Amino acid sequence: METLIWICGTLVLMILSVYLLYRIFDGIYEKRIMIYQNKLLKKEMEEVHNIYLTMRGWRHDYHNHMQSLKAYLAMDNLKEAKEYLDALERDLDDINLLFNTGNINADAVLNSKISLAIKQGIRVEYKATVPKTLTVSDIDLCVILGNLIDNAVEACEKVEPQERFIRLYIGILRRQLYLSVCNATGEKVRKLDEEYITAKRGNHGHGMKRINNIVEKYSGFINRKNEPGVFVTEIMLPL
């Protein structure tokens, strides 16, 4: 009898040890993923922020550019005027200012990612207004926006070109920040334990989890809907 009790106790301890090790390694893995994504986000934000500031600087210098061109034309220096225009064109290459939401960091992420989506042939409809003062931090807001759009673009890449679309809306609803992203999808998505599990987890799965964690952090609300050919994510965050 004592031997049986000892064996059972040993088995229980072994099971507990395995479970604790699993939790520890799972936590370390999640932490590494978060650190890695934060590094990527920081680098991406710096890049798009620089692009956005370049665009704003060019707009600020617009009148100076026009005066320089007028001077060349007044002296019939067509060659110099063309070279000047070519230089300006190179300076503006790949810069497409689509958003002016009121939040410079949100503008940077949205302009960068939506411009890329449009270049990939995805039909995009958008309307966005972001209050200057928010409860959610700029970093967390950009993580949500970045992952939402990345997931939408990734889903669109799996359907026929003529069926690709993204609809984005950001605004104030019921005194909360409301975000909605609707996109085409050809992927079957199933809901398990209140989590959407895609056939291909990878970055898409990690992106969903990052969004969930941030929404939970601010006691917000998230709703996902999956219908044939369409996937919708709605998020509400306190102002």
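Procedures and definitions
Residues numbered from 1 in each chain as written. Predicted model: local features only at pLDDT ≥ 70, side-chain atom pairs only at ≥ 80, totals over all residues. Heavy atoms only, no water. Helix = DSSP H or I, 4+ residues; strand = E, 2+ residues; numbered from the N terminus. Buried < 20%, exposed > 50% of the residue type's maximum accessible area, 1.4 Å probe, protein only. Contact = heavy atoms within 4.5 Å. Pairing = 2+ DSSP bridges. Axes fitted to C-alpha atoms, helices over the stretch in contact; angles between N-to-C directions. Salt bridge = Lys/Arg side-chain N within 4 Å of Asp/Glu carboxyl O. Core = buried A, V, L, I, M, F, W, Y, C linked by side-chain atoms within 4.5 Å.

Caption draft 1: Examining the overall build of the protein chain more closely. Regarding its fold elements, the protein chain presents 6 helices and 7 strands. Secondary structure elements in the protein chain, listed N-terminal to C-terminal, are α-α-α-α-β-α-β-β-β-β-α-β-β. Scored against the burial criterion, the 239 residues of the protein chain give a buried share of 37%. A separation of at least 24 residues holds for 66% of the contacts in the protein chain among residues at least 6 apart in sequence.

Caption draft 2: Expanded view of the environment of L177. Relative to the helices and strands, L177 is located in strand β3 (residues 176-184). Through-space distance from the C-alpha of L177 to that of G220 is 9.5 Å; in sequence the pair is 43 residues apart. Non-local contacts of L177, meaning those with residues more than four positions away in its chain, are made with T129, P131, L134, L141, I170, G171, I235, M236, L237 and L239.

Caption draft 3: Expanded view of the sheet that holds strand β2 (residues 165-173). Within the open sheet, the 5 strands sit side by side as β1-β2-β3-β7-β6. Their pairing is mixed. Of all the strands in the sheet, the pair left with one neighbour each is β1 (123-128) and β6 (221-227). Ignoring which end each strand starts from, the neighbouring axes of this sheet average 10° apart. Bridge count between β1 and β2: 6 bridges; the pairing is parallel. If you follow K127 over to β2, its bridge partner there is Y169. The strands that helix α5 (residues 138-156) touches are β2, β3 and β7 (230-238); relative to β3, the one it contacts most, it runs at about 15°.

Caption draft 4: Region of the structure containing the pattern of salt bridges. Evaluated as defined, the whole model comprises 6 salt bridges. Where D86 meets K82, a salt bridge forms, and the shortest distance between an N and an O atom there is 3.1 Å. Within this pair, D86 and its partner K82 are both found in helix α3 (residues 78-91), separated by 4 residues, close to a single helical turn.

Caption draft 5: Region of the structure containing the nonpolar core. Counting 39 residues, the largest nonpolar core has L141, I166, I170, L179 and L237 as its most contacted members. Broken down by secondary-structure element, the contributors of at least two residues to this core are α4 (104-119), β1, α5, β2, β3, α6 (202-217) and β7. Looking at this core, the element that brings in the most residues is α5, giving 10 residues. Among all residues touching L237, those that are not within four sequence positions of it are V136, I144, Q176, L177, L179, V215, Y218 and G220.

Bear in mind that shape data such as this cannot, by itself, settle questions of function.
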